[in-house]
Amino acid sequence: AHTNTITPTQTAYFILEKLLEQEQYLSALDESLRQSAFLPIENNQITLKEFQTKIIQELRFTIENQNSSLKNIKLRIDKSSLYFLSKHINSINETHHKVKLNTLSKLKNESEELDANQRNLSFAYQNIHLKKEYELNLLANKIQLYSPEDTFKRGYSIITKNDKLMKNIHQLNVDDLITIKMHKGKLEAIITKKENL
């Protein structure tokens, strides 16, 4: 409506150019949508793995330090045990028992905390993954909905004459040979009647 073309050939080239521009735009939009959907998922996976690795390293470092501290305490106890053995045998036994219980209890608590953190990380990762997968599926469905093939499935068709796209009834006349592209095929027909609206 806004462009004046001199010949039908120029009109066809103009229309094809616009169709190609639209196809390139849709392809770029499709790629952009895919990248915007997958990139946050990949970033979240990397962040979760880094967070999990950091927690495990910190817990291992803490356990190693405590084990080292316990070994030092044990060495000091062993060195002084001969001196206190005759007078404080009961006290030494109670202290040893308490240290052992406290150590086991602390190791158990830290192990349970590590397991809980791993479960929470796994659960959070699964939730993020499912959410992003759902969003990606929605985008894919929208893209599929506007694809040419789905447009044909909904009952639309394309009419051409001499390989030129016909967009208006005034471009056609009775006895014209036309090609109708539809879902899963195309037809060739001759116009026998024309009615203008």
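Everything discussed here concerns the structure shown above.
Every residue gets a number counted from 1 within its own chain, in the order that chain's sequence is written. Where totals are concerned, whole chains, interfaces and linings use all residues; where local detail is concerned, this predicted model gives features only for residues with pLDDT of at least 70, and gives and counts side-chain atom pairs only at 80 or more. The side-chain numbers reported here are obtained from all heavy atoms of the structure, hydrogens and water having been left aside.

**A word on the overall build of the chain**
Scanning the chain from N- to C-terminus turns up two helices and four strands. A run of H or I in DSSP becomes a helix once it reaches four residues, and a run of E becomes a strand once it reaches two; helices and strands are each numbered from the N terminus. Sequence-ordered secondary structure for the chain, helices as α and strands as β, is α-α-β-β-β-β. By the compact-globule yardstick of 16 Å for 197 residues, the chain is too spread out, its C-alpha radius of gyration being 38 Å. Its C-alpha atoms give the chain principal-axis dimensions of roughly 125 × 30 × 25 Å. Residue contacts are counted whenever heavy atoms from the two residues lie within 4.5 Å of one another. Within the chain, contacts between residues at least 6 apart in sequence are counted, and of these 48% link residues at least 24 apart. As displayed, the chain has an accessible area near 16,400 Å², and 56% of this comes from carbon and sulfur atoms. Radius of gyration means the value over C-alpha atoms here, while the globule rule gives 2.2 Å times the residue count to the 0.38 power. Per-residue and other accessible areas were derived by the Shrake-Rupley procedure at a 1.4 Å probe size, with only the shown protein chains allowed to occlude residues.

**Let's talk about the pairing of strand β1 (residues 158-161)**
Here a strand pair is declared whenever DSSP counts at least two bridges between the two strands. In terms of strand pairing, β1 meets strand β3 (residues 177-182) through three bridges, oriented antiparallel. Residue pairing for β3: T160 is matched across the bridge by T179. Of the pairings in the sheet, the one linking β1 to strand β2 (residues 164-165) comprises two bridges and is antiparallel in character. Looking across to β2, one finds that K161 is bridged to K164.

**Brief notes about a nonpolar patch on the surface**
Patches here are clusters of residues that have more than 30% relative accessible area and form no salt bridge, with a 9 Å joining cutoff for like charges and a 5 Å cutoff for nonpolar side chains (Val, Leu, Ile, Met, Phe, Trp, Tyr). Salt bridges are counted wherever a side-chain nitrogen of Lys or Arg sits within 4 Å of a carboxyl oxygen of Asp or Glu. A cluster of nonpolar side chains, Y13, L16 and L19, forms an exposed patch at the surface whose accessible area comes to about 340 Å². When you line up the elements, Y13 lands in helix α1 (residues 8-145).

**Focus: the pattern of salt bridges**
With the rule as written, the count across this model stands at three salt bridges. The partner of D176 in a salt bridge is K161, with the nearest N and O atoms 3.2 Å apart. Of this pair, D176 sits in the loop between β2 and β3 while K161 sits in strand β1, placing them 15 residues apart in sequence. The two residues D176 and K161 agree in class, both being buried. Burial classification: accessible surface area is computed with a 1.4 Å probe over protein chains only, and a residue below 20% of its type maximum counts as buried, one above 50% as exposed, and the rest as partly exposed.

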